[in-house]
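# Structure assessment
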Amino acid sequence: MSVPPLVICLGNVVADHTFRVEHIPEPPAKIAARSYSIGPGGMAANAAIAALRLGGRAAFWGRIGDDLNGEPLAEALAAEGVDVTGLRRVPGGRTPVGAVLVDPRGERTIISFRGAGLGTDPSWLPLDRLKDAGALCCDPRWQEGVAAAAAAARQAGVPVVLDGERSETRILVDLVPRVDHAIFSVPGLANFAPGCEPEEGLRRALASGPVTVAAVTQGEKGVLWLTRGAAKAERTPAFPVEATNTTGAGDVFHGAYALAMAERMPVERAMRFASAAGALRARDGATPDRAMVDGLLA
Ligand SMILES: Nc1ncnc2c1ncn2[C@@H]1O[C@H](COP(=O)(O)OP(=O)(O)OP(=O)(O)O)[C@@H](O)[C@H]1O
Ligand SMILES: [Mg+2]
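Below: a short report on this structure. Here the structure is a predicted model, which is why all the values come from computation and not from measurement. Throughout this description, residue numbers start from 1 for each chain and increase along the sequence as written. Naming scheme: in the order in which they are written, chains are lettered from A and ligands are numbered from 1. Residue-level local features of this predicted model are given only where pLDDT is at least 70; pairs of side-chain atoms are given and counted only at 80 or more, and the full residue set underlies all totals for whole chains, interfaces and linings. To get the side-chain values, take all heavy atoms of the structure and skip hydrogens and water.

### Details of the side chain of Ser275
Helix and strand definitions follow DSSP, with helices as H or I runs of at least four residues and strands as E runs of at least two, each counted in order from the N terminus. Among the secondary structure elements, Ser275 is positioned in helix α8 (residues 267-284). Only protein chains enter the accessibility calculation, which uses a 1.4 Å probe. A residue is then buried if its area is under 20% of the maximum for its type, exposed if over 50%, and partly exposed in between. The class for Ser275 is buried, based on a relative accessible area of 8%. Excluding its chain neighbours within four sequence positions, the residues that come into contact with Ser275 are Val223, Thr236, Phe239 and Phe253. Residue contacts are defined here by distance: any two heavy atoms, one from each residue, within 4.5 Å place the two residues in contact.

Following this line, the structure appears as structure tokens:
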């Protein structure tokens, strides 16, 4: 059998500290957690883990600090099987962290810190490795990194997928024209095209550059997508599941979609494949493997 395709994911990795609590207290308060865990979160990191569990090879490119939160993240990604040779430990940098409080009904309160002192210079990225990749999947948290990697990927003929997640308008307006597949969240599309109806926002994304597919994921309403030259947008409905935790469904969708591009699936099939992966993540609160996704698709 041939080697599985490589998906390179570039952007954010976050040390998520998750506390399960009886209730979210009003301050001032001091309460005990029922349980605690630390693990990798962040859009591109979750996408890398998804691409890997779904049968691809995955590499993560990004930055962490050399603080107490950084190294456990690198270890956790490596333990999943993600290639972390493009994960840089920045001296004096502060790793992005999240404090996630989960109550017994699964309601979440998230406090996040985006990191500091991580630098923006992408010149150290191992861009020559893109020639071996089947797809590049980026989130908008490292604008300079996306710009450099997307240019190299497009030059190498490697499709670029952007997670158009909530960001400053100017960042999305800069990044969208650099990619082949711009796949927004609902707030991300509103940031990219303020005041527009969704389909109009997708049209703007296609008109902004060589983008061939523009889409917006809408949770349990599914995903609305538009391809270059098509008269109107299509909708791939969500798979009906009993959701227990929808955090990360979008990240998993993007990792799955990027893998589908690396496997050269047609867009409609890729949307269904990624929707199934997102639905299982929402149902289980954990990233599914390929057999689970194939099971739901069948
Ligand atoms: N409750 C759900 N039931 C079924 N499918 C879901 C559900 N939530 C998400 N999905 C699937 O995952 C895709 C991505 O989810 P969503 O649109 O919520 O991403 P998001 O807003 O980027 O969220 P996040 O970034 O927090 O994961 C949806 O288009 C859908 O196919
Ligand atoms: Mg998202």
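Read on for the rest.
### Remarks on the sheet that holds strand β6 (residues 97-102)
Sheet architecture is open: four strands sit in the order β3-β2-β6-β7, paired in mixed fashion. Edge positions in the open sheet fall to β3 (35-41) and β7 (108-113), since each of these has one partner strand only. Neighbour-to-neighbour, the strand axes of the sheet open up by a mean angle of 20°, direction not taken into account. Across seven bridges, strand β2 (residues 14-20) lies against β3 in antiparallel orientation. Its bridge partner lying in β3, Val14 is registered against Gly41. Working convention: axes come from line fits to C-alpha atoms, limited for helices to the stretch in contact. Angles between N-to-C directions cover 0 to 180 degrees. On top of the sheet, helix α2 (residues 70-80) reaches β2 and β3; it is set at about 75° to β3, its chief contact. Here, any two strands with at least 2 DSSP bridges between them count as paired.

### What about helix α3 (residues 143-155)?
Between the first and last residue of a helix there are one fewer steps than residues, each counted as 1.5 Å, and that sum is the expected span. Along its 13 residues, α3 runs 18 Å from first to last C-alpha, staying within 8% of the 18 Å computed at 1.5 Å per residue. Taken together, the buried positions of α3 are occupied by Gln143, Gly145, Val146, Ala147, Ala149, Ala150, Ala152 and Ala153. The inward-facing, buried residues of α3 abut β1 (6-10), β4 (57-65), β8 (135-138), β9 (160-164) and α4 (169-175).

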